[in-house]
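Chains, contacts and geometry: an overview
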Amino acid sequence: KTVCVTGASGFIASWLVKLLLDRGYTVRGTVRNAEKSKHLLELPGASERLTLVEADLLKPGAFDSVVQGCDGVFHTASPFLYRNFTDPDAQLIEPAVKGTLNVLESCAKARPKRVVLTSTEAAVSHTDKRIGADVVDESYFSDPDKCRREGDWYYLSKTLAELAAWDFAKQHNLDMVAILPVLVVGPVLQTSMNTSTEIVLELLNGTTQTITNQVVGWVGVKDVAMAHILTYEKPEAEGRYICSERMLHFGDAVALLAKLYPQYHIVAKEDGSVPRDPGYNASSEKIKKLGLTFQPLEDVLRETVASLKELKYLD
Ligand code: NDP
């Protein structure tokens, strides 16, 4: 039972590695920075069954030897940035698309039983087709032109990467499933800050002043990691799987945080002059049918805050 996890040092991947080790798997994790990956070596079972390998997403053949002999490959590595980038092509799109194809090229040679790709719900719902629809499901794909027009570079990078991955998997007859999480929160195992956790942190520490007028989905990191494992282990799993515990208007999410944590000085305010985005629902029925149950958002937020306190990001 040997599997490979790319981007093993990341927020979601660290939990995935932990749960895989807990289930007895031997794990090969690819990382780009050994220093940022030390926390993985402390996980139970790591000394016996975890090896970390440095591999560059954009170097052809870099994943050949690490996926050779693996039963499963989990490709999670991809830049998740909403800000602090100057060149969307080089910093987001290339590593997402070319990186994914590079990993899949190695899989086409090594022939693992299944590849699990970490995509995102942002590769589903960013399309005008959903206007007027109350519920979106896995049949929707985000529209790259719309992402480009609106400057949503992260959404674009993930949509193009997933579309390219499905094409490649079809051409090379690879068994692949894709996990499509909404905004992922929960306890942090890694030592550096990641984008989705930072969103919660900046609400609690008063950095965020205005709230986006958007309905956003929320899901716990442990459930997302488990979704990867379930879709890998269950032979009947196929296609794409949205993972969302709940869709909430950002304003309601802030109100929930403020109710749970009145001691923090949350200053973020809604722009009351514009009508609230009515939003939509992203259906997680398919992954629930496969056996996943979601931890309620309130508990996930409590665990997120406890972890931020433990890591001294919050008092
Ligand atoms: P992290 O930033 O914690 O993890 C991203 C991982 O990708 C890290 O291991 C990072 O390596 C690696 N990576 C990023 N850019 C590059 C690059 N140019 N070359 C090589 N490796 C790179 O974020 P998450 O754990 O949240 O994201 C993991 C996956 O989940 C991504 O595919 C993301 O798109 C997806 N996702 C995340 C959601 C969320 O809300 N968190 C929601 C939906 C999908 P390093 O540690 O060295 O930086």
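In this report, the structure presented in the accompanying data block is examined. The structure displayed is predicted, hence computed values, not measured ones. (Residues numbered from 1 in each chain as written. Predicted model: local features only at pLDDT ≥ 70, side-chain atom pairs only at ≥ 80, totals over all residues.)

**Brief notes about the overall build of the protein chain**
Each helix and strand in the protein chain was counted, giving 12 helices and 12 strands. Against the globule reference of 20 Å for 315 residues, the protein chain gives a C-alpha radius of gyration of 19 Å, in line with a compact fold. Expressed along its principal axes, the backbone C-alpha trace of the protein chain runs to roughly 55 × 45 × 40 Å. Across the 315 residues that make up the protein chain, the buried fraction comes to 45%. Taking the contacts inside the protein chain whose residues are at least 6 apart along the sequence as the reference set, 76% of them involve residues at least 24 apart. (Helix = DSSP H or I, 4+ residues; strand = E, 2+ residues; numbered from the N terminus. Rg over C-alpha atoms; globule rule 2.2 N^0.38 Å. Buried ≥ 20, exposed ≤ 12 C-beta atoms within 10 Å, placed from the backbone. Contact = placed C-beta atoms within 7 Å.)

**Things to note about the site of the ligand**
In the neighbourhood of the ligand, 24 residues make up the surrounding shell, with G7, G10, F11, S78 and S196 lying closest. For the shell around the ligand, the secondary-structure elements that each account for two or more residues are α1 (11-22) and β8 (183-185). Considering each element in turn, the shell around the ligand owes the most residues, three residues, to α1. In terms of residue class, the shell around the ligand is built from 11 nonpolar, 10 polar and three charged. (Near = placed C-beta within 6 Å. Nonpolar A, V, L, I, M, F, W, Y, C, P; charged D, E, K, R; others polar.)

**Let's talk about helix α8 (residues 195-204)**
Listed as buried for α8 are S196, T197, V200, L203 and L204. Along α8, the residues classed as buried sweep out an arc of 125 degrees about the axis, all on the same side. Following α8 by one or two positions, G206 has its phi on the positive side, about 85 degrees. (Arc of directions from axis to C-beta.)

**Structural notes on unusual backbone geometry**
Where the residue is not glycine, phi is negative for most of them; where a peptide bond is considered, it is trans in most cases. A positive phi is found at R111, a non-glycine position, where the angle reads about 55 degrees. One non-glycine residue with positive phi stands out, namely K312, at about 70 degrees. The residue K312 is located in the segment after α12 (297-310) in this model. Residue classification places K312 among the exposed positions, given that 7 C-beta atoms sit within 10 Å.

**A closer look at the packing of α1 against helix α9 (residues 221-233)**
Running from amino to carboxyl end, α1 crosses α9 at an angle of 60 degrees, the nearest separation of the two axes being 9 Å. When the axis of α1 is compared with that of α9, the two are oblique. Once α1 is placed against α9, the crossing between them reads as right-handed. Contact with α1, carried on its side by F11, I12, W15, L16, L19 and L20, involves V221, K222, V224, A225, M226, H228 and I229 of α9 and no other residues of that element. Of the residues belonging to the contact of α1 with α9, the class tally is 11 nonpolar, one polar and one charged. (Axes fitted to C-alpha atoms, helices over the stretch in contact; angles between N-to-C directions. Parallel < 35°, antiparallel > 145°, perpendicular 65-115°, else oblique. Left-handed = near helix turned anticlockwise from the far one by under 90°.)

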